[in-house]
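Topology and contacts: notes
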Amino acid sequence: MGLDIIQLRELLERELGSTELEPLDEGFYREFEALEKALKFKAEGAGERGEDVEERLALAELKIAEKLVREIIRTRLHKIVDLAVRGVPAPMTPEERRVFSLLVAFINREELPSGVPEEVHVEETMEESVEVKRTIREAYIIEADIPRIFDEELNEHGPFREGDMVVLPRSLASVLEERGVARRVRIE
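Computed from a predicted model, the values in this text were never measured in an experiment.

**Some thoughts on the packing of helix α3 (residues 52–86) against helix α4 (residues 94–107)**
Between α3 and α4, the shortest axis-to-axis distance is 9 Å and the interhelical angle comes to 40 degrees. Taken as axis vectors, α3 and α4 run oblique relative to one another. For the pair α3 and α4, the sense of crossing is right-handed. Residues Arg76, Leu77, Ile80, Val81, Leu83, Ala84 and Val85 of α3 lie in contact with α4, whose contacting residues are Glu96, Val99, Phe100, Leu103, Val104 and Ile107.

**Some remarks on the packing of aromatic side chains**
Per the counting criterion, the structure on display carries one aromatic pair. Where Phe28 meets Tyr29, the ring centres are 5.0 Å apart and the plane angle is 80 degrees; that geometry is what we call edge-to-face. Considered together, Phe28 and Tyr29 belong to a single accessibility category, that of buried residues.

**Quick word on the side chain of Thr93**
Relative to the elements of secondary structure, Thr93 occurs in the loop between α3 and α4. Since its relative accessible area comes to 0%, Thr93 is described here as buried. Among the polar contacts made by the side chain of Thr93, one reaches the side chain of Glu95 at a distance of 3.2 Å. Look past the residues within four positions of Thr93 in its chain and what remains in contact with it is Leu24, Asp25, Glu26 and Tyr29.

**Notes on the pattern of salt bridges**
In this structure the tally under the stated criterion is 18 salt bridges. Between Lys42 and Glu61 there is a salt bridge whose closest N-O contact spans 3.8 Å. Of this pair, Lys42 sits in helix α2 (residues 28–48) while Glu61 sits in helix α3, and the two are 19 residues apart along the sequence. Judged by relative accessible area, Lys42 falls into the partly exposed class, the value being 41%. Note that Glu178 and Arg56 form a salt bridge whose closest N and O atoms lie 3.1 Å from each other. One end of the pair, Glu178, is in helix α5 (residues 170–178); the other, Arg56, is in helix α3, and 122 residues separate them in sequence. Linked through salt bridges whose partners overlap, the residues forming this network are Arg9, Glu13, Arg148 and Glu156.

**Let's talk about helix α1 (residues 5–16)**
In an α-helix, one full turn covers 3.6 residues, which means residues spaced three or four apart are oriented alike. When the terminal C-alpha atoms of α1 are compared, their 16 Å separation across twelve residues agrees well with the 16 Å that a helix rising 1.5 Å per residue should span. Restricting attention to buried positions, one finds in α1 the residues Ile5, Leu8, Arg9, Leu11, Leu12 and Glu15. End-on view of α1: buried residues confined to an arc of 160 degrees, all on one side of the axis. Summarising the contacts, the buried residues of α1 are in contact with α2, α3, β2 (149–150) and β3 (156–157). Two to three positions downstream of the cap, the backbone nitrogen of Ile6 sits 3.2 Å from a side-chain oxygen, assigning the N-cap of α1 to Asp4.

So, how was this worked out
- All residue numbers refer to positions counted from 1 along the written sequence of the respective chain.
- Given that this is a predicted model, residues contribute local features only at a pLDDT of at least 70 and side-chain atom pairs are listed and counted only at 80 or more, while totals for whole chains, interfaces and linings are drawn from all residues.
- Water and hydrogen atoms were dropped before computing side-chain values, which therefore reflect all heavy atoms in the structure.
- An axis is simply a line fitted to the C-alpha atoms; with a helix, the fit covers only the stretch in contact. Between two such axes, the angle follows the N-to-C directions and lies from 0 to 180 degrees.
- Strands are runs of DSSP state E lasting at least two residues, helices are runs of H or I lasting at least four, and both sets are numbered from the N terminus onward.
- If an angle is under 35 degrees, it is roughly parallel; if it is over 145, roughly antiparallel; if it lies from 65 to 115, roughly perpendicular; otherwise it is oblique.
- Should the near helix be turned anticlockwise from the far one by less than a right angle, the crossing is left-handed, and should it be turned clockwise, the crossing is right-handed.
- A contact between two residues is defined here by any heavy atoms of the two lying within 4.5 Å.
- Only Phe, Tyr and Trp rings take part, Trp by its six-membered ring, and two of them pair if their centres are within 6.5 Å. Stacked means planes under 30 degrees apart, edge-to-face means over 60, and tilted covers everything else.
- Partly exposed residues are those whose accessible area sits between 20% and 50% of the maximum for their type, while under 20% is buried and over 50% is exposed, using a 1.4 Å probe and protein chains only.
- N or O atoms within 3.5 Å of each other form a polar contact, as long as, within protein, one can give a hydrogen and the other can take it, and as long as residues adjacent in sequence are counted only when both atoms are side-chain atoms.
- Only one rule defines a salt bridge in this text: a Lys or Arg side-chain nitrogen within 4 Å of an Asp or Glu carboxyl oxygen.
- Expected helix span is taken as 1.5 Å per residue step, with the number of steps being one fewer than the number of residues.
- What the arc describes is the spread of directions from the helix axis to the C-beta atoms.

Set out below in C-alpha cells:
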C-alpha cells in the first residue's frame, strides 16, 4: 500500500510533537513522488473525461499532500541542522543523510564533497499572502455518512453521519453538495 494524505498528516503531527526525528521509511520521498504522480494522473484523467468535481477533488488532494510534505521537510530539516551542529547522527532517509553530511562538513569547515555546486540559484517564490479572512460558513444537512475530510487550509471536518446538521466552509460544502451528500439549509 502506498502513501496517502492521512499518513502524511499523522507523520506531520508526530514530527511536530517530538524533539527527535521520527522514523521514516527509507523510500519515503520516492513514495511521496509516486503519490504526487498518481494524483496528477487522476486529475488529468478526470479532466479528460469531463468529470469536473473529481478533477477538482484530485487537485485539492494534491495541494494538501504537497503542503503536508513541505511542512514535514521543514520540521525535519530544523532537527537535522540541530543534529549536525551537535555532531549527533540519527536514523534518516538517504536524502536526509546527504544533507546531514554536507552540514557537518560545512560546520567543521571541511571541503565540501565534489558535485556540490558552489552557488545554487534559488527562485524567490511569493508565499501566499497571509491575510485574515473570514471563511464563509453555512449550515448543511448531511445526507450520507462521510468520513473525516480536510479543507484547503488542512482543517479537519467530520466524520459525519447521515442526518447531522453541520456548519461548513462554503468551499468544502459546495463539493459535498455537488456529490449529493449535503444539502444547504436556511437558519432564520
